[in-house]
Each structure stands twice: as C-alpha cells, then as structure tokens.
Amino acid sequence: MDTGPRQQAYLLALLLARAGRPISTAELIELIWGADVPSSALNILQKYVGTLRRLLEPALPARGVGSYLQRRGGGYLFAAGPGVLDVSAFRELVDLARARSGHEALDHYARALELWHGAAGDGLTHPRATSVFTALDGEFFDACAAAAEVAVSQGQPRRVLRPLQLAARMAPLHEPVQSALISALAAAGQQAEALALFGTLRARLADELGIDPGPELLAAHQRILRQPTAVAHNGLVGRADELALLHHAVRSALSGGTGLVVVEGEPGVGKTRLLEEVAAEADHLGALVLWGRCLQGDGTPAMWPWVRLVSTLLENLPPAARTDWHAGDLGRLLEPRDGVISAPVLPDTGAQFRLFERVVALVGQVAGQRPLVLVLDDLQWADAASLQLFGHLSVRLPGATVVLGALRDRAPVPGSELARMLAGASRLPHHRRIRLGPLGAAEVAELVHRETGQAPGPGAARSIHARTAGNPFFVRELSRLLAGGGALTEDAAARAGVPSTVRDVVRDRMAGLDEDAAGLLQVAALVGRDVDLGLLARAAAIDGQTCLDRLEPLQGLGLLEPSPGDPFSFRFAHDLVRESVVGTTSPIRATRLHLRVAEALEGTGDESVAERLAHHLWAAGPLADPARTADALVRAGSRAAAKSAFEAAERQLRAAAHVARTAGLAELELAALSQLTAVSGMRSGYVGSALDLLERAEQLARALGREREAADFLFSRWAAYSQGIQLDHAGRLARRLLDQGEASGDPLVRAYGRHAWGIHQWDVGNIGESFRYLSGTSSTVLDDLPHGGEDPLRRDLRLLWPVMLALMTALHGDVPGARVLFDRMEDAAADDPYVIAVWSAFSVTAAALAGDAAWAMRAATRGIAMDPERTFVFLGSYQRLAWCWARAVTGDDPAGAATEAALIIEATLLDPPRSGVATWCGLLAEMWLAAGMTDEAAAALDRADALLDRCDQRYAEGHVLLLRARLSQERGAPFKAAAEQARTLSVEREANLFADRAQELLDGPGGH
C-alpha cells in the first residue's frame, strides 16, 4: 500500500503503534511537527485522516467514518478487529504464551515473533516520537528473551534463532537480547558462533561504551564454557575459541560483510589444519573457497600465491569476461613475458598499484556472485610483492569477502616486509589476529589416543606433553613411533627413546632407507613442498616406474604422500619434514642436486619455470656455466618485473650482474644492468636509486661500441639528478650529453643532448636559453623513436619534450601559444592515464604560474578524474596542489585549500626535495594571501627562498620575488622595489611571463 506523503505515513504508523488506544490531536501534532507546527496543522491532520480512511477502505463514501480510523473525544484511534493488525496479533499471542508453559507457550511465542520483520516505524522515526516506536521494539525484545528461555528449556532453540538474530541486529548493545541469542546458539550446537558473538560484544561494549559485559552476558558465556568442547565433532582437538572467531568471520562474508583473520604460531602447531576446517565449513555453507599457498625458497616464482588465486578466480567467470581480464593488467601477472625493459625518465608509472587495483576489482566481481573466502597459507615464505598485495587487498576488501592468512611466528622470525604488512593490517577495523598456542596435557592425551587407538596412561601423557611442548605435529609424529608397542605407559615411552625434535624423527625414519630412496628424497626436498613426478624422475635420471617404486617406502614412512586430486605429483607431509630432509643433505651434495634439478627443468621447455630454473642454477654455483646462470637470472628478473614483483626482480638481476661480471661476460652484464636500472626506477618511482648501476652500464655500453645505449644510460643518470634537484651533478651530465650529441651522427643522441641541456637551463633559471634549445629539437626525430610500452625511456622522452616546450613557451611569455601546445598533447593523449598525468602535471604548473585559475582547475580536474586513486604519486601531487590553488585564488575556502596544499607538499615534495618544490611553496604563499593570512604567506615564501638557495632550481624565482612584492602590498608596506627586482631578474632571464606580471603590479594601484 502506498501510504502517501511522509507525514501522512507517519501518522498511520503512530496510530498503528498504539492500536486500540486513542491519541489526542495535540499529541499527534506535537509528534509529527515538533516545534515547527504550521498554523493549519489541525486541518492538515484531518485531511490526512480522511485520505487514510479511503486508502484503508476504498468503498467508503465521502465523509464516511469508516471501521478503522475512528474519532475518540479530542483525538483518534485505530480500531482493529481480530486478524487485522500484526501488532495486535503479536500482543495477543505473547499474552497467551505468558499464560501457558512448555511446548504450548513456545508455540505461541514462535507465532508471535515470526510477525516481526524489522524495527517499528523503520524509516519514519521522528526524534520527538522515538519513544513510541522504541517502546514497541521493547515489547519485541522482551518477548524474544522470554521465548529463548522457554525454547532452550524445551530443547528447541532453533525455533527462535531467526527472530533472535533480527532482534540482535536491531539492538546490538541490548544485553538481554544478546544473552538470549548466545544461549540459544550454544543450545543449538553452534558454540563457536556463540563464543564469537560474545567476543564481538565484549569488544564493542569496551570500544563504544567503555564498560565490561553485564551479569546476563557473563552468565551466558559461562554456560557455553561449561559445555564439553575440548574435542570438536569435526576431528580437531581443542581450538574451540579459535574456531569460533574464524566461523564468525566466515559468516560475516555470507551476510555480505568482510573479514580479515591472521593465524600465527610455531611450525607444526596446527595453523593449516585449523584453516582447512574453517574452509570446509565455508564451502559447505555455499562460499567459494580458494587457497593460495606460499612456498619456501628463492626458486618460487614471484607472486606465486596470487598467480594461483587469480587464475582460479578467473575460472569462476564466463569465458568472455575471462578474456577481457586477461587483456588488461592481470595478463602481466598470469602470463609474464621476459623481454627487454628500460628505465623510465618520468616518475610514477603506477604499474604495481594498477595491478593491485585490478586484483581488488576481480575479487569484488567474483564475490558479487558468491561469498568468497581467500586463504593464504605460510605467509612467512611470501615474496615482498605478494605481501604488499595482501596488505592492499586487506585495506580495500570488497563486500562478501573474507581473507584468512597463516604464518609462522618463529623459524623463521617474520621479516621486515611481513612485519610491515601485519602492522598495517592490525589497524583495520575488520582485522582479527589469532595466536595459536600449544595443546594442553589432556588434549595431547586425546590426540595420542586418536593416532594410536590407545589411551596413554597419565604418566605417559605427561611425558609426551613435556617432550613435545604440546606441538600437535610433533605429537602425531611421536605417536607413530609409539604405536604397536603395547600399553602406553610412562616406562614404555621412556624405553621407546622418544626423539626430542622433528629433525630427529625424520633422521630416524631415513635411517632405514636404502641409498636410492634416500637420494630421491633429498632431490625431492630441493624441488619443493610439491613435487612433480616427471620432474623428479628426470632429476634423478630414472624412469617413472622406478621413481614410483622408490617413493613407496617414503610414503609408508609418512614422509611423502600423493597430492590430493593430482596423480602426477607428491607432496611432503609437512614443511617441517621437507626442511629436515634438506638439513640432512650436505652442502656439496646439495650443489650437485641443484644442477640436476636445473637440467630437468630445462628439459621441460616450459618458459613458466624460468624463475625456478634461475634459482637452481644459481644454487649450483661453480658447477653451472656462468653464462647459462646469468641468462636465466636475467629472464627470471624480467618475468618478476612484469608481475610488479620488483624486489624479487631486483634480487635476481643483481645476482645476474654479479655472475656475469665475475665471469667477464660484458654482454650479459650489460643486459642485466639494463633491466636492473629499469626495475630500480619502477620500484622507487624514478631512477635515482640506481646511479651507480647506470654509470657502470654506460661504461659497458661504450666499451662494446654501443653509442645509443650508452647515451640511454647517461640520459637516465642525468634525469635522476635533475628530478632529485642535484643540479651540480645534473649540469655536468647535461653538458656531456650536449657535447656528445653535437659530435654524434645519431639524431637520437643529438636529441638527448639538446633536451637535457634545455631542461638544465630551465632548472637554473635561464628561460630564454632553455626555450631555444627545446624549440630547436625537431619533433620528427622524436616521432621516429619506437612507440609502445616496450621502451619507457624513449616513450618518456617523447612525452617530456612537448610538455617542457609548452611550459617553456608559457614562461617565455607566449601563454596562448603554450595553451595550443598543451591542447594538442591532450587531444593526442585520448584516455591514456599516464599520458594524461604527465600532461596535467605540466599544464597545471603553467596555468598557476600564469595566474589562470580556470585553466588550472580544468587541467587538474581532468588529471584527477583519470587517476582518482593517485597511482602516479608525484605527478598526481601537482594536480591536487593546482586544484587547491585554483580554489583558493577564486575564494573557495582559501584557508582550507591552503592547509590541504601544505599537507601535500610536506608528504610528497619535501623529503627528498622534488622538482618544483620551491615553486609550489611560492604558490602556497599566494593561497595564504587569498585567505588574508599574511604571516602564513610570509612563512611559505621564507621556505621557498630557503629551497631556492638549497636546491638552486630557479626557474620560478621571478615569481617568488613577485609574491614578495604582493605580500608587502597586502601588509600596506612599500612593494615597488620588490616588484622592480622581480621584473629586472625576469627580463635578464627572459622569463617574460613573470616580467609582464611584475609590470602589471607596478602599473596597478600604488605602483607608481
């Protein structure tokens, strides 16, 4: 039924809430309009009543009274017969339930509670009438608590779970309701959910109200704890509290929420087993459960757990959608190509951020179809990029998604990247961290009983618990030794010579193996946790049948077992077993075995094994041909970089360069350094962290007679110093580039020289000289350069030349001409986010220095719209600074805009100093002037002067001097001398834009 306007619907809700009881017109007017009562309120009220009567009874004649909305004295009441009104039926059924007991009472309560579907007056509540609907909700809550008590006593708690859960959502801090729900859940066999609910309530009461749970909640909690839960029905021993938290997280995803739970503990404590249990429950409840397992060893491909997860996520999409995802950034993750990459000149390629965002979007798309549980095991082995993606997804977790992680807290101790990820995750509101401790003595006894079929005597149980420190994996391994030895007494355990470590257990088992089986086991341990049978046979130089024959005793000893669902591979029973086997292999033998594994991998002809191959060749040391090792490491580094796993790529490429240099392989060393400088640039945002590598690469290229490559490296080194505003170094390199270019017959080498020298002249403030060098570079030379993403250095040169020429045209005084150049570049950019980011960063700088707020706002808005997440950190900073500047100078909250700009400068341009930092400090002063805050403007100009002196980047010095004059003018002090100084300096440097603006100030009021 459409109840009409809001106030009319509100009137009906009030009358329904008090059905059978009259409400005076005065009270109705007060409840509907409060203090804003119109003079015609009574007439409006009567009109509403008439309309509602006809809605309820369409056949009612005009001015008819009707059966439901009746006049009573000075007010109205809603008269409802039997079966007409839910609220009346609810009250009648509750009264009947209270008058009876047992099953009959429960039947009445259940019928009454099923009538509720949400809060009373939902969406209509007026602050003055809250008490009316709150009272009605209170009747529901009281009935729920009473019904729960009856249902539990009758052994039928499930009959009231749905209304109890509704009431709990309506009143999340209502302790009687929450206590009733906890008791009902526990009685229904859902102790884990009940414990999780209590933990959530306790945290929420502390966070929001600063109080502890009340007596009712504590009593409900104690009732759960008194139930036998040491051994769960699912086969786990203990872990009830941990299961409760994990079950709660999974159920939040099923209801559209999010969750992040990280389980940590010592090796063998049962982290994976716990997650398997929760994953099985999630799958049973209808969630899509996907696993990403991090593998130990440098041979594991970068981003391995995410490659597996993303591949499986895509399998859950239609084929057409899969193709679209593969064509984008995710294609680099799933099918990386090892090819030549080169260093960018401009900062902020943003490749890793965009890849991570695509993974978030894919997770969101899949979770939109089915609740999603992502499990990442053994995070202590994850590479840095995998951990960074884990942290990124955790912050931006889509709805209906839960991420579960597990990691060792020792052996190894978490590294710095893992510690950073955990610290970031701990600040998220949906994060929970579980420390999985050892089993107690009673739980150890139960586990031994399950493994051996015998109940250990008290002394034996104490002995085993003490020896194993309650570690479940070690308990199970020791149980194998004790099985079949008669009664499990303390003396029997002592006579068995119980080993003291897992490594001792593994050694004891390996002692009975023949040389062939033991050797095969050692090869398998170097391959990894999961072992392909074909690869293992080739590495061991045996056929498949012989390999299976030798694996049989290993399986019988519980060392290796068939991989579930994969007849072509085996896996170690636990990482601890594999690590122990590796520990029994001598270093010299391990070196030989690594070479055999590498040769077996090469025989596959599968390019996807490049990273594993590189690892085994590197580990083979002097036994492997250095050229072969260096080449494999270069290809592995290139593949890792394609997946945005820059830390792994840098490690592999440094190793390649080291191997090649040690062996005197100049070509391979140059190939490694070429890739390494590119990766370093992508990782740090620009190439400043690879200066030593660039210099070495230039030397190698010149020695090999490769003039253009040598110029590439020299140009990149100059760009690093220029961006870092180390202009003494940049100047010397720019002069070298210019001299080499003028002497070269290669047009690209000449373009490098003129471009670098032109930008250096801009840096030091010689605008005219800069304009001449940049405008003298032929665009056709740059157009002839290779296009596409395969050569970032020359792509950036092609992008940098037109924007620098446009900026220089503006500073030289031809602002209309500059705008034509900028517009031409914008048109050519189409919707390429990177090109738009470059165009916008330079365009807004020219606009702000020209004092054109409309131009600056338009260019900033376009740039921000193309990159709202600021994946291009530094380029995006200039756009946002210009947006603040345009707001300030046009009077749109100038103080707020200046405050925001100051924070951006502090965060992105100051440490280390970035190009343009003095310029934007000057423009910040202009923002403070627009706000009338001259002291803040003076402080900003002081900082700009200090940065000019410190960095010597002086292209905007005339503008800073001009702003000094404007500050004096604003303070009522003489400003003509400062304006003349700005004009004179700008004329000398041919910064005609600033000279013209200074002249305008001098020609204005007070300037003569």
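Per an unreviewed UniProt entry, the chain goes by the name Transcriptional regulatory protein, C terminal and belongs to Asanoa ishikariensis.

A few words on the packing of helix α47 (residues 957-970) against helix α49 (residues 992-1003). Between α47 and α49, whose axes approach to 9 Å, the crossing angle comes to 15°. On the basis of the axis angle, α47 is roughly parallel to α49. Of the two possible hands of crossing, α47 and α49 adopt the one that is left-handed. Across the interface between the two elements, G958, H959, L962, A965, R966 and Q969 from α47 touch F994, R997, A998 and L1001 from α49. Looking at side-chain class alone, the contact of α47 with α49 contains five nonpolar, three polar and two charged residues.

This brings us to the environment of A188. With respect to the helices and strands, the residue A188 is situated in the loop between α8 (175-187) and α9 (191-209). The sequence separation of A188 and P157 amounts to 31 residues, and the corresponding C-alpha distance is 5.7 Å. Dropping the residues within four chain positions of it, A188 is found in contact with P157, R158 and L161.

Moving on: unusual backbone geometry. Between D911 and the following residue, P912, the backbone shows a cis peptide bond with an omega angle of 0°. Residue position: P912 is located in the loop between α44 (894-908) and α45 (917-930). Even without a glycine there, the phi angle at M303 is positive, about 60°. Take M303: it is sitting in the loop between β5 (288-293) and α13 (304-315). Located in the positive-phi region is D952, a residue other than glycine, with phi close to 70°.

This brings us to the confidence of the model for the chain. Looking at the chain, the pLDDT average stands at 85 and 90% of residues meet or exceed 70. Below pLDDT 50 for its whole length, residues 228-233 participates in nine contacts with residues either more than four positions away or in separate chains. Every residue in residues 784-790 is under pLDDT 50, and counting partners more than four places away or in other chains gives ten contacts.

This paragraph deals with the domain arrangement of the chain. Looking at the assigned domains, one finds that the chain contains domain 1 (6-226), domain 2 (240-319 + 353-436), domain 3 (441-498), domain 4 (512-585) and domain 5 (818-1003). Taking the mean C-alpha position of each, domain 1 and domain 2 sit 40 Å from one another. Taken residue by residue, the interface counts five residues in domain 1 and nine residues in domain 2. Both sides of the domain 1 and domain 2 interface together cover about 570 Å² of buried area, and 61% of this is carbon and sulfur. The tally of links from domain 1 across to domain 2 stands at zero salt bridges.

Here we come to the pairing of strand β3 (residues 75-78). The alternating pattern of β3 places G75 and L77 on one face and Y76 and F78 on the opposite face, and all of these are buried. By the bridge criterion, two bridges tie strand β1 (residues 23-24) to β3 in an arrangement that is antiparallel. Each residue of the ladder has a partner; that of I23, found in β3, is Y76. Bridge analysis of strand β2 (residues 69-72) against β3 gives four bridges, and the strand direction is antiparallel. Bridge assignment links Q70 to a residue of β3, and that residue is L77. Joining the antiparallel neighbours β2 and β3 is a turn of two residues, in which G73 adopts a positive phi near 60°.

To continue, consider the sheet that holds β3. Either a parallel or an antiparallel arrangement is found when strands of a sheet pair, and the pairing is made through backbone hydrogen bonds. Strand order in the open sheet made by the three strands is β1-β3-β2, with antiparallel pairing throughout. Since the sheet does not close on itself, it has two edges, and those belong to β1 and β2, each with one partner.

Let us look at the nonpolar core. If you look at the biggest cluster of nonpolar residues, it comprises 223 residues, and the most contacted ones within it are M303, W718, L811 and W920. When residues in this core are grouped by element, the largest group, 13 residues, is from helix α41 (residues 833-850). Non-local contacts of W920, meaning those with residues more than four positions away in its chain, are made with T845, A848, Y878, L881, A882, W885, I905 and L909. Grouped together as the second largest cluster of nonpolar side chains are 71 residues, L28, V132, V150 and I224 included.

The relative placement of two aromatic rings is captured by the distance of their centres and the angle of their planes. One pass over the structure, following the stated rule, counts seven aromatic pairs. Taking 4.5 Å as the distance between ring centres and 10° as the angle between the ring planes, the aromatic pair formed by W116 and F140 counts as stacked. Highlighted residues: W116 in the loop between α5 (102-113) and α6 (130-153) and F140 in helix α6, separated in sequence by 24 residues. Like F140, W116 is buried. Three or more aromatic residues link up through ring pairs in this structure, and these residues are F90, W116, F140 and F141. Just above the ring of Y76 sits the side chain of R71; from NZ or CZ to the centre is 4.9 Å. Looking at R735, its charged tip hangs above the ring of W757, at a distance of 4.3 Å from the centre.

A few words now on the packing of helix α29 (residues 610-619) against helix α30 (residues 626-642). For the pair α29 and α30, the least separation of the axes is 8 Å and the interaxial angle reads 145°. Considering how the two elements wind past one another, α29 and α30 form a crossing that is left-handed. Residues A610, E611, L613, A614, L617 and W618 of α29 lie in contact with α30, whose contacting residues are R628, T629, A632, L633, R635, A636, R639 and A640. Residues of the contact of α29 with α30, tallied by class, amount to nine nonpolar, one polar and four charged.

Let us now look at the pairing of strand β6 (residues 372-377). Among the six residues that make up β6, six are buried, leaving the element largely enclosed by the rest of the structure. Side chains of β6 alternate between two faces, with L372, L374 and L376 and V373, V375 and D377 buried alike. Pairing analysis gives five bridges linking β6 to strand β7 (residues 401-408), with the strands arranged parallel. Bridging across to β7, L374 finds its partner in V403.

Let us look at the side chain of H760. Within the secondary structure, H760 is located in helix α36 (residues 747-763). When neighbours within four sequence positions are excluded, H760 is seen to be in contact with L727, A730, G731 and A734.

In this section: the sheet that holds strand β11 (residues 569-572). An order of β9-β11-β10 is seen for the three strands of this open sheet, with the pairing classed as antiparallel. Since the sheet does not close on itself, it has two edges, and those belong to β9 (530-532) and β10 (560-562), each with one partner. With strand direction ignored, the average angle separating the axes of adjacent strands in the sheet is 35°. Helix α26 (residues 544-556) rests against β10 and β11 of the sheet, and its axis sits at about 110° to β10.

What follows deals with the pattern of salt bridges. This structure, assessed with the given rule, holds 50 salt bridges. The partner of R578 in a salt bridge is D575, and the shortest N-O contact between them spans 3.7 Å. In this pair, R578 and D575 are both assigned in helix α27 (residues 575-583), three residues apart and thus about one turn of the helix distant. Accessibility assignment for this pair places R578 and D575 in one class, buried. Residue E698 pairs with R736 through a salt bridge whose shortest N-O separation is 2.6 Å. Linking E698 in helix α33 (residues 691-703) with R736 in helix α35 (residues 727-743), this pair joins segments that are 38 residues apart in sequence. Owing to a relative accessible area of 4%, E698 belongs among the buried residues under this scheme.

Within helix α25 (residues 533-540), six of the eight residues are buried, which leaves it mostly tucked inside the rest of the structure. When α25 is considered as a whole, its buried residues turn out to be L533, L535, L536, A537, A539 and A540. In the core, the buried residues of α25 are packed alongside α24 (515-527), β9, α26, β11, α28 (587-602) and α29. Its side-chain oxygen placed 3.1 Å from the backbone nitrogen of G534, D532 serves as the N-cap of α25. In the stretch just after α25, A541 is the one whose phi turns positive, near 60°.

The next thing to look at is helix α43 (residues 873-889). Between its terminal C-alpha atoms α43 stretches 24 Å, which fits the 24 Å expected from 17 residues at 1.5 Å a residue. The element α43 is extensively covered by neighbouring structure, given that 14 of its 17 residues are classed as buried. Of the residues flanking the end of α43, it is G891, one or two places downstream, whose phi is positive at about 85°.

By secondary structure assignment, the location of Q761 is in helix α36. Classification of Q761 by relative accessible area gives buried; the value is 7%. Considered as a pair, Q761 and Q953 are 192 residues apart in the sequence and their alpha carbons are 9.7 Å apart. Apart from residues no more than four positions distant in its own chain, Q761 is found in contact with N766, E769 and S770.

What counts, and where the lines are drawn
- Residues numbered from 1 in each chain as written.
- Predicted model: local features only at pLDDT ≥ 70, side-chain atom pairs only at ≥ 80, totals over all residues.
- Heavy atoms only, no water.
- Axes fitted to C-alpha atoms, helices over the stretch in contact; angles between N-to-C directions.
- Helix = DSSP H or I, 4+ residues; strand = E, 2+ residues; numbered from the N terminus.
- Parallel < 35°, antiparallel > 145°, perpendicular 65-115°, else oblique.
- Left-handed = near helix turned anticlockwise from the far one by under 90°.
- Contact = heavy atoms within 4.5 Å.
- Nonpolar A, V, L, I, M, F, W, Y, C, P; charged D, E, K, R; others polar.
- pLDDT = per-residue confidence, 0-100.
- Domains from an automatic or database assignment.
- Buried area = accessible area lost by both parts, 1.4 Å probe.
- Salt bridge = Lys/Arg side-chain N within 4 Å of Asp/Glu carboxyl O.
- Buried < 20%, exposed > 50% of the residue type's maximum accessible area, 1.4 Å probe, protein only.
- Pairing = 2+ DSSP bridges.
- Core = buried A, V, L, I, M, F, W, Y, C linked by side-chain atoms within 4.5 Å.
- Phe/Tyr/Trp six-rings, centres within 6.5 Å; stacked < 30°, edge-to-face > 60°.
- Lys NZ or Arg CZ within 6 Å of the ring centre and 35° of its normal.
- Polar contact = N/O pair within 3.5 Å; in protein donor to acceptor, adjacent residues only side chain to side chain.
- Expected span 1.5 Å × (residues − 1).

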